[in-house]
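Listed here are the chains, written in short residue letters.
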Amino acid sequence: MNLAANARGLHRGMALADARAICPDLATRPADLAREAAALAGLRRWASRYAPMVASDGPTG
């Protein structure tokens, strides 16, 4: 989600079909799960310096 999409009325968590109904020229791309997992692993390492226990919640949140 970027500022332009937000200005057109889209919001995080919105169904893709609803978003495309509002914004037919919407450009999407698939999630890069490996890159997201690597970023979260780095964040966990960083947070472990400041918190006694850090854990991820799993793929379903």
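Model, not experiment: these values are computed from the prediction. (Residues numbered from 1 in each chain as written. Predicted model: local features only at pLDDT ≥ 70, side-chain atom pairs only at ≥ 80, totals over all residues. Heavy atoms only, no water.)

Caption draft 1: The arrangement of the environment of Ala-5 in detail. For Ala-5, the position within the fold is in helix 1 (residues 3–7). For Ala-5, a relative accessible area of 12% puts it in the buried group. The spatial distance from the C-alpha of Ala-5 to the C-alpha of Cys-23 is 8.3 Å, given a sequence separation of 18 residues. (Helix = DSSP H or I, 4+ residues; strand = E, 2+ residues; numbered from the N terminus. Buried < 20%, exposed > 50% of the residue type's maximum accessible area, 1.4 Å probe, protein only.)

Caption draft 2: Highlighting the confidence of the model for the protein chain. Of the residues in the protein chain, 95% have a pLDDT of 70 or more, and the chain-wide mean is 89. Ranking the helices and strands of the protein chain by mean pLDDT puts helix 2 (residues 16–22) first, with 95, and helix 1 last, with 91. (pLDDT = per-residue confidence, 0-100.)

Caption draft 3: Geometry of the environment of Ser-56. Note on placement: Ser-56 falls in the segment after helix 3 (33–47). Owing to a relative accessible area of 52%, Ser-56 belongs among the exposed residues under this scheme. Between the C-alpha atom of Ser-56 and that of Asp-18, which follows or precedes it by 38 residues, the distance is 30 Å.

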